[in-house]
Number of protein chains: 2
Amino acid sequence: MNNLITQLFQIKYPIIQGGMVWCSGWKLASAVSNAGGLGLIGSGSMTPGLLETHILKCKEATNKPFGVNIPLLYPHAEAHIEILLKHKVPIVFTSAGNPALYTKKLKENGCKVVHVIANSKFALKAVEAGVDALVAEGFEAGGHNGKEETSSFCLIPQIARISQLPIIAAGGMYDGRSWLAAEALGASGIQIGTRFAACIESSAHTNYKEAIIKALEGETQLTLKQLTPVRMFKNELYFQLDAMISKGASSEELRSFMGRGRSKKGVFEGDLAQGELEMGAVSSLINKKESAQEIISELVKTYIEARKKLIENNFLS
Amino acid sequence: MNNLITQLFQIKYPIIQGGMVWCSGWKLASAVSNAGGLGLIGSGSMTPGLLETHILKCKEATNKPFGVNIPLLYPHAEAHIEILLKHKVPIVFTSAGNPALYTKKLKENGCKVVHVIANSKFALKAVEAGVDALVAEGFEAGGHNGKEETSSFCLIPQIARISQLPIIAAGGMYDGRSWLAAEALGASGIQIGTRFAACIESSAHTNYKEAIIKALEGETQLTLKQLTPVRMFKNELYFQLDAMISKGASSEELRSFMGRGRSKKGVFEGDLAQGELEMGAVSSLINKKESAQEIISELVKTYIEARKKLIENNFLS
């Protein structure tokens, strides 16, 4: 296998399932790993004890490599790292924080470390910290996102220009065509979030999964740029926020209005009106409920088809 | 030649130079057409008399096909159409308006008609109007843009899903890798704006060209969403607008502050502080002044390289 990402993680396909709060527990992560991709447990919504349970269940459910995503700014980050090391989780994706904090320690303990970035500045910090690969997350991605609003078309070549590390493209990734396009731009693998969030093994609420499947073009938007930019479905909550923002609301007013637990309310409890429905722009392309295995199979099938079509269409030679 | 776009326009490469106010007169358009792409005269900043002069000069400067871009909402649109027909301009790109207005008349007179869209709704209207191809313009593009903020990664497959017409991808298009990526997503050609706006034959002011070349990641942004969304360089004018918007300025206040002639001031007169410096997100990737011929040659070279790399990296079979 001469793909940098399949070699790095010892997996069959360079397809990563994004670690997503309230969606990706052991059930989704193990299903993706069993199908030949890399499943990630999203630890951002878990206590250390719960993360440990998910790791143990994931190990029971698959003998393939899997990983854990850790948002470094979350209060449990350090405790989560200890649990990963205790159970020798082979792969860690870190995000939202300083990659210099734990990369060395994790690598000394045999972990492969990947850091999620949305701009060149943080990519260079991650390279310096010694990570093994980068997730380049474009403007299209659901949930938290960069302030620069750099889309995958511009971000992937930008990151490829400044670093030799393998790149995993995230944001706008949906099928074999986006996978092939990401490769053309300089990525070696892709990370898919929203399509897996809507799949059968996701632990999200059915209402939220159906909202992804029903979402139309232009129905997700990046908002809350005054705080941390986040892409979400344009529901009642979004329009309330939008009205506040267009009247000049302060960061403090927005923070207070949002309160705590909005994404749990939306993604896990299925409150489609007042929950924060984090989802990517590809929601408009997703229109059926599938299993993780079906998603991976369809990705491989459409990738091979797109590749064949591109090779045949050799009009320049 | 089995490429839909090269066949449609009878050109060598499916590379279109976007029609851009204050940048693309006869000089740029003829240089691009002579290099094997398709040059477009941007008529949006021209009176009918001036457009006629540019068409005549373009015919003197090249015997290859060239076209004219017409923003349909501009006051001179109808007079411009008459001039195109008088001089038998073979290709017309229409934008910013209703494609049903002139498509039939243009086609009856032997013109190839392409309409620029940023969402599926307008794509379907253009298909119904009988156009020959669509430009799918993503969120990354400089200047006026769609309200949905759909990036090229999501827009191209979305449009390919609802229409069989050839697609020209615009927004985020920079080199052979983006060209190949656009093809992977379902496009048959690409339209490049900003890179040509900065090139030697562009009629834009040197200050503006240098601003493109110096622009860094995250230094362009989509703004003025209350009026018509426009992507511009984040200069003094941008930050003044941004301050007004975050204080809750009304559409009327923003319109009055912008006044008239801001893009002429920036792009043509080189006022980097108070002019509207329309440019695409790819500005961060552009770092040298080139001729149109050099851009086309480099596009073809990097396209062939990227294609070769993609074919060699056949890890799945």
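Calculation criteria
Residues numbered from 1 in each chain as written. Chains lettered and ligands numbered in written order. Predicted model: local features only at pLDDT ≥ 70, side-chain atom pairs only at ≥ 80, totals over all residues. Pairing = 2+ DSSP bridges. Helix = DSSP H or I, 4+ residues; strand = E, 2+ residues; numbered from the N terminus. Axes fitted to C-alpha atoms, helices over the stretch in contact; angles between N-to-C directions. Contact = placed C-beta atoms within 7 Å. Parallel < 35°, antiparallel > 145°, perpendicular 65-115°, else oblique. Nonpolar A, V, L, I, M, F, W, Y, C, P; charged D, E, K, R; others polar. Buried ≥ 20, exposed ≤ 12 C-beta atoms within 10 Å, placed from the backbone. Least-squares fit on C-alpha atoms with pLDDT ≥ 70 in both. Core = buried A, V, L, I, M, F, W, Y, C linked by C-beta atoms within 7 Å. Arc of directions from axis to C-beta. Expected span 1.5 Å × (residues − 1). Right-handed = clockwise from strand over helix to strand, strands pointing away. Domains from an automatic or database assignment.

S.K.: So what exactly am I meant to see when it comes to the sheet that holds strand β5 (residues 112–117) of chain A here?
M.R.: Paired through backbone hydrogen bonds, the strands of a sheet run either parallel or antiparallel to each other. Residue and element names in this part refer to chain A. Taken together, 8 strands build an open sheet; the order of strands is β1-β9-β8-β6-β5-β4-β3-β2 and the sheet is parallel. Each of the sheet's edge strands pairs with one partner strand only, and the pair in question is β1 (15–17) and β2 (39–42). If you compare each strand with its neighbour and ignore which way they point, the axes differ by 25 degrees on average. Examined bridge by bridge, strand β6 (residues 133–137) and strand β8 (residues 167–170) share 4 bridges and lie parallel to one another. The residue of β8 that forms the bridge with Glu-137 is Ala-170. Strands in contact with helix α6 (residues 120–129) are β5 and β6; relative to β5, the strand with the most contacts, it is inclined by about 165 degrees. In the packing of helix α7 (residues 152–162) onto the sheet, the strands contacted are β6 and β8, and the crossing angle to β8 comes to about 170 degrees.

S.K.: Looking at this structure, how should I read the packing of helix α8 (residues 176–185) of chain A against helix α8 (residues 176–185) of chain B?
M.R.: Working note: a packed helix pair is described by the angle between its axes plus the distance between those axes. At their nearest, the axes of α8 of chain A and α8 of chain B sit 8 Å apart, and the two run at 175 degrees to each other. Here α8 of chain A is positioned roughly antiparallel relative to α8 of chain B, judged by the angle of their axes. From α8 of chain A, Arg-177, Ser-178, Leu-180, Ala-181, Ala-184 and Leu-185 of chain A reach across to α8 of chain B, where they touch Arg-177, Ser-178, Leu-180, Ala-181, Ala-184 and Leu-185 of chain B. When the residues that make up the contact of α8 of chain A with α8 of chain B are grouped by side-chain class, the tally is 8 nonpolar, 2 polar and 2 charged.

S.K.: When you look at the sheet that holds strand β4 (residues 91–95) of chain B in this model, what are you seeing that I'm missing?
M.R.: All names here are of chain B. The parallel open sheet is built from 8 strands, whose spatial order is β1-β9-β8-β6-β5-β4-β3-β2. The open sheet is flanked by β1 (15–17) and β2 (39–42), the only strands paired with a single partner. Between one strand and the next, the sheet's axes are offset by a mean angle of 25 degrees, whatever the strand orientation. Bridging between β1 and strand β9 (residues 189–192) involves 3 bridges; their strand directions are parallel.

S.K.: Can you walk me through the environment of Ile-159 of chain A in this structure?
M.R.: Residue and element names in this part refer to chain A. Residue placement: Ile-159 occurs in helix α7. According to the C-beta neighbour criterion, Ile-159 is buried, with 29 such atoms within 10 Å. The spatial distance from the C-alpha of Ile-159 to the C-alpha of Gly-186 is 8.7 Å, given a sequence separation of 27 residues. Excluding anything up to four places from it in sequence, Ile-159 contacts Ser-120, Ala-123, Leu-134, Ala-136 and Ile-167.

S.K.: What should I look at first to understand the relation of the copies chain B and chain A in this one?
M.R.: Turning one copy of the chain about an axis and sliding it along that axis gives the other copy, so a rotation and a shift relate them. The transformation that overlays chain B on chain A combines an axial shift of 0.0 Å with a rotation of 180 degrees, and the residual RMSD is 0.0 Å. This pairing of chains is accounted for by a two-fold axis. Both copies present the same face, since 100% of the interface residues in chain B are matched by interface residues at the equivalent positions in chain A.

S.K.: Looking at this structure, I do not really get the pairing of strand β11 (residues 230–233) of chain A. What am I missing?
M.R.: In the case of a regular strand, side chains alternate between the two sheet surfaces. Residues and elements named next belong to chain A. Of the strand pairs in this sheet, strand β7 (residues 143–144) and β11 are connected by 2 bridges, and their pairing is antiparallel. Of the residues in β11, the one forming a bridge with Gly-143 is Arg-231. Two successive antiparallel strands, strand β10 (residues 220–223) and β11, enclose a turn made up of 6 residues, where Leu-224 displays a positive phi of approximately 55 degrees.

S.K.: Would you explain the nonpolar core in this entry?
M.R.: The nonpolar side chains of a soluble globular protein tend to be buried with one another. Within the largest apolar cluster, 196 residues are counted, with the highest numbers of intra-cluster contacts made by Leu-134 and Ile-168 of chain A together with Leu-134 and Ile-168 of chain B. When residues no more than four places from it in sequence are discounted, the contact partners of Leu-134 of chain A are Val-114, His-115, Ile-117, Ala-123, Ala-126, Ile-159, Ser-163, Leu-165, Ile-167 and Ile-168 of chain A.

S.K.: Even after reading the chapter, I still don't get the environment of Leu-50 of chain B, so can you show me in this structure?
M.R.: Relative to the helices and strands, Leu-50 of chain B resides in helix α3 (residues 48–61). Counting along the chain gives 30 residues from Leu-50 of chain B to His-80 of chain B, while the straight-line C-alpha distance between them is 10.0 Å.

S.K.: How should the interface of chain B and chain A be read in this particular structure?
M.R.: Interface size is often expressed as the accessible area that is lost when the parts come together. Contact with chain B, which involves 43 residues of that partner, is made by 43 residues of chain A. Going through the elements one at a time, α7 (152–162), α8 and α14 (292–312) of chain B are the ones with two or more residues in the side of chain B that touches chain A. The dominant element in the side of chain B that touches chain A, judged by the number of residues it contributes, is α8 of chain B, at 7 residues. Partitioning the side of chain B that touches chain A into residue classes produces 18 nonpolar, 18 polar and 7 charged.

S.K.: For this particular structure, what's the right way to read unusual backbone geometry?
M.R.: Backbone geometry follows two general trends: most residues other than glycine have a negative phi, and most peptide bonds adopt the trans configuration. Residues and elements named next belong to chain B. The backbone phi angle of Lys-88 is positive, close to 50 degrees, even though this residue is not glycine. Structurally, the position occupied by Lys-88 is in the loop between α4 (77–86) and β4. Positive phi values are uncommon outside glycine, yet Ala-96 reaches one of about 45 degrees. You can call Ala-96 partly exposed: it has 16 C-beta atoms within 10 Å.

S.K.: Hey, could you run me through helix α10 (residues 206–214) of chain A in this one?
M.R.: For the α-helix, the turn length of 3.6 residues means that residues three or four positions removed from each other point alike. Every buried residue of α10 of chain A is listed here: Tyr-208, Lys-209, Ala-211 and Ile-212 of chain A. Seen end-on, α10 of chain A carries its buried residues on one side only, within an arc spanning 155 degrees.

S.K.: So what exactly am I meant to see when it comes to α14 of chain B here?
M.R.: Between its first and last C-alpha, α14 of chain B extends 30 Å over 21 residues, near the 30 Å set by a 1.5 Å rise per residue. When α14 of chain B is considered as a whole, its buried residues turn out to be Ala-292, Ile-295, Ile-296, Leu-299, Tyr-303, Ala-306 and Arg-307 of chain B. Projected down its long axis, α14 of chain B shows its buried positions confined to an angular sector of 100 degrees, all on one face. Of the residues in α14 of chain B, the exposed ones pointing more than 90 degrees away from the buried face are Lys-301, Lys-308 and Glu-312 of chain B. Lining the buried residues of α14 of chain B we find α8 of chain A together with β1, α2 (26–34), α8 and α9 (194–197) of chain B.

S.K.: I tried to follow the environment of Val-267 of chain A on my own but got confused; where do I start?
M.R.: Residues and elements named next belong to chain A. Position of Val-267 relative to the elements: it lies in helix α13 (residues 262–268). Residue classification places Val-267 among the buried residues on the basis of 29 C-beta atoms within 10 Å. In sequence terms Val-267 and Ser-203 are 64 residues apart; their C-alpha atoms lie 9.0 Å from each other. Residues within four places of Val-267 in sequence aside, it is in contact with Trp-22, Cys-23, Ala-204, His-205, Tyr-208, Gly-275, Leu-277 and Glu-278.

S.K.: Sorry, what's going on with the pairing of strand β8 (residues 167–170) of chain B here?
M.R.: All names here are of chain B. In β8, alternate side chains face the same way, and those of Ile-167 and Ala-169 on one face and Ile-168 and Ala-170 on the other are all buried. Both β8 and β9 contribute to a ladder of 3 bridges, which runs parallel. Bridging from a neighbouring strand, Ala-169 pairs with Ile-190 of β9. Traced from β8 through α8 to β9, the parallel crossover comes out right-handed.

S.K.: Please explain the domain arrangement of chain A as it appears in this structure.
M.R.: Residues and elements named next belong to chain A. When its domains are assigned, chain A resolves into domain 1 (4–203 + 283–307) and domain 2 (206–282). Between the C-alpha centres of domain 1 and domain 2 there is a distance of 23 Å. Across the boundary between the two partners, domain 1 contributes 30 residues, which contact 23 residues of domain 2. Element by element, the count of residues in the side of domain 1 that touches domain 2 is highest for helix α9 (residues 194–197), at 3 residues. Of the residues in the side of domain 1 that touches domain 2, the class split is 10 nonpolar, 14 polar and 6 charged.

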